[in-house]
Amino acid sequence: MTRPTMTGTLPADPQRRHWLRAGLTTAAVAALAPVAGWAAPSAAADTAPDLLRLDLNESSYGPSPKVGPAVQRALVEAPRYVSAAQLQALQVQIATLEGVAPEQVIVGEVLEALGQHLALSEGAGGFIYSVPGYGALVDAARPFGGRAVEVPLNARLENDLPALLAAIAPDTRALFVVNPHNPSGTLSPGADFDRFVGAAQARTLVIVDEAYLDYREDAATLSAVRLLRQGQNVVVFRTLGKIHALAGLQVGYALAPTRLAGALRQRGVGGAHAQNQLSLAAAAAALADTAHVAQVRRSVALERQRWQQVLTGLGLRSTEAAGNFVFVDTGRPHAAVAAGLLQQGVRIARVFAPYDTWVRITVGTPAENRRAQQALRHVLG
């Protein structure tokens, strides 16, 4: 593996038909059905029915096989609003899994709501984050007085921990860090990251987005939830839209200090009214199937290694990615490479300035990756 500073029509499927008879739409089936020899149809906006979508770091491996039956059972409750008891059951499940109190669990894809809450409750101030990076929380805070404080990645395309720490000012409202980082895929080392969070949380709230950490076998020993358990001023966010393959159901959760979690609930964030029956059922089933997560983790790690071998063979620089994607310097303008790949039926991520010659490609199934790798060879050849 090369570091950046270094050198440089669906087949017949009984389960699918059963879901459709049960009333699920094709889009829902695409979100729920594990990939097992068939591909979901592309959305109408796509340019070709066999377009390979490797742009948003979704999981081509599909959710746990337990998710489909759980959603089918939940359809009976679809006419009903989610109850407080149903939500509490999932909170308890997550709390047990994470080793925190149930009242510290906020269910939902809540980064935007968290950014808005902090800007509204704390007043105008700075929100520090790495650039290029995932700016959902920071962008959500802007209309309410949040000011983006952008810190470039270091030479290894990692979160620049000393620079992030130095950016904290008296009016800083939060420091937001994604680990492993997106789009570079780099992981901040455990001990260094712990020291960084410990120093930063003494001065401001630290929010750690761990969307891709589940792709690491040692995720439990690296997660910042350990620091939250110690009483540090830390929020940990997880989405089930990556390794759990529930992107189409928009479900995740945040783990927060009790006081902040309570304030968010008072604002209506993560309440039962904000949930839906199918997402809750899917989340509970997906989180319970740790064996499926482990299997997907192993498959992605193997495919990521194969990707790195291909990239090295092409003489391309790439990061040591830890998630379900690779980030590579093609030496050519992103627009040209992306357009060329799209002509080959492969969609990749947008450009991440200032890395205008770098491309991010999601790691798919073995067959998808072979197709994408062949397309990349064609474009660069």
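Residues numbered from 1 in each chain as written. Predicted model: local features only at pLDDT ≥ 70, side-chain atom pairs only at ≥ 80, totals over all residues. Heavy atoms only, no water.

**A short note on helix α11 (residues 258–266)**
Next, step 1: Residues of α11 that are buried: Leu260, Ala261 and Leu264. The buried side chains of α11 occupy one side of the element, clustering within an arc of 100° when seen end-on. Residues of α11 that are exposed and point more than 90 degrees away from the buried face comprise Arg259 and Gln266.
Next, step 2: The inward-facing, buried residues of α11 abut β2 (105–107), α5 (111–122), β6 (205–209) and β7 (234–239).
Next, step 3: Where α11 ends, the next residue or the one after it, Gly268, has phi of about 95°, a positive value. (Buried < 20%, exposed > 50% of the residue type's maximum accessible area, 1.4 Å probe, protein only. Helix = DSSP H or I, 4+ residues; strand = E, 2+ residues; numbered from the N terminus. Arc of directions from axis to C-beta. Contact = heavy atoms within 4.5 Å.)

**Examining the sheet that holds strand β4 (residues 146–152)**
Strand-to-strand pairing in sheets goes through backbone hydrogen bonds, with the strands running parallel or antiparallel.
Next, step 1: The strand order across the open sheet built from seven strands is β2-β8-β7-β6-β5-β3-β4, with neighbouring strands paired in mixed fashion. The open sheet has two free edges, formed respectively by β2 and β4, since each of these has just one partner strand. Averaged over all adjacent pairs, the angle separating strand axes in this sheet is 20°, with direction ignored.
Next, step 2: Sheet topology places strand β5 (residues 172–178) next to β6; five bridges connect them, and they run parallel. Within β6, the residue paired with Val177 across the bridge is Val208.
Next, step 3: Against the sheet, α5 contacts β3 (125–131), β4, β5, β6 and β7, and its axis sits at roughly 170° relative to β6. (Pairing = 2+ DSSP bridges. Axes fitted to C-alpha atoms, helices over the stretch in contact; angles between N-to-C directions.)

**Considering unusual backbone geometry**
Next, step 1: The omega torsion across Asn179 and Pro180 is 0°, close enough to zero to call that bond cis.
Next, step 2: Inspection of the secondary structure assignment puts Pro180 in the loop between β5 and α8 (190–201).
Next, step 3: Going from Asn182 to Pro183, the amide bond is cis rather than trans, its omega being 25°.
Next, step 4: Assignment of secondary structure puts Pro183 in the loop between β5 and α8.
Next, step 5: Of note, Leu157 is a non-glycine position whose phi angle comes to about 60°, a positive value.
Next, step 6: By the element assignment, Leu157 lies in the loop between β4 and α7 (161–166).
Next, step 7: Its identity as a non-glycine residue notwithstanding, Ala245 has a phi of 60°, on the positive side.
Next, step 8: Following the sequence through the fold, Ala245 ends up in the loop between β7 and β8 (252–255).
Next, step 9: Accessibility expressed as a relative area gives 9% for Ala245, which makes it buried.

**Quick word on empty space enclosed by the protein**
Next, step 1: The calculated volume of the largest cavity comes to roughly 30 Å³.
Next, step 2: Lining the largest cavity, in full, are Tyr129, Ser130, Gly133, Tyr134, Phe176, Val177, Val178 and His181.
Next, step 3: Secondary-structure elements contributing two or more residues to the lining of the largest cavity are β3 and β5.
Next, step 4: Examining the composition of the lining of the largest cavity, we find that three residues originate from one element, β5, more than from any other.
Next, step 5: Of the residues belonging to the lining of the largest cavity, the class tally is five nonpolar, three polar and no charged. (1 Å grid on protein atoms, 1.4 Å probe; cavity = no way out; pocket = protein on both sides within 12 Å on 5 of 7 lines; lining within 4 Å. Points joined across faces, edges and corners; volume = space filled by probe spheres on them. Nonpolar A, V, L, I, M, F, W, Y, C, P; charged D, E, K, R; others polar.)

**Regarding helix α15 (residues 366–380)**
Next, step 1: The terminal C-alpha atoms of α15 lie 21 Å apart, and with 15 residues this matches the ideal 21 Å at 1.5 Å per residue to within 8%.
Next, step 2: Regarding α15, the residues found buried are Asn369, Ala372, Gln373, Ala375, Leu376, Val379 and Leu380. Buried residues along α15 cover an arc of 160° about the axis, so they all sit on one side. Along α15, exposed side chains directed more than 90 degrees from the buried face belong to Arg370 and His378. (Expected span 1.5 Å × (residues − 1).)

**Points about the layout of surface pockets**
Next, step 1: Taken as a whole, the second largest pocket spans an internal volume of roughly 590 Å³.
Next, step 2: If you trace the second largest pocket, you find 25 residues lining it, with Leu56, Tyr134, Asn182, Tyr212 and Lys242 closest to the centre.
Next, step 3: Of all elements in the fold, only α5 and β7 reach the threshold of two or more residues within the lining of the second largest pocket.
Next, step 4: A breakdown of the residues in the lining of the second largest pocket according to their chemical character gives 10 nonpolar, seven polar and eight charged.

**A short note on the sheet that holds strand β9 (residues 317–318)**
Next, step 1: Taken in spatial order, the three strands make up an open sheet running β9-β10-β12, and their pairing is antiparallel. In the strand order of this sheet, the two ends are held by β9 and β12 (358–362), each with one partner.
Next, step 2: Strand direction decides the pairing type here: β9 and strand β10 (residues 325–329), joined by two bridges, are antiparallel. Bridge pairing links Ser318 to Val328 in β10.

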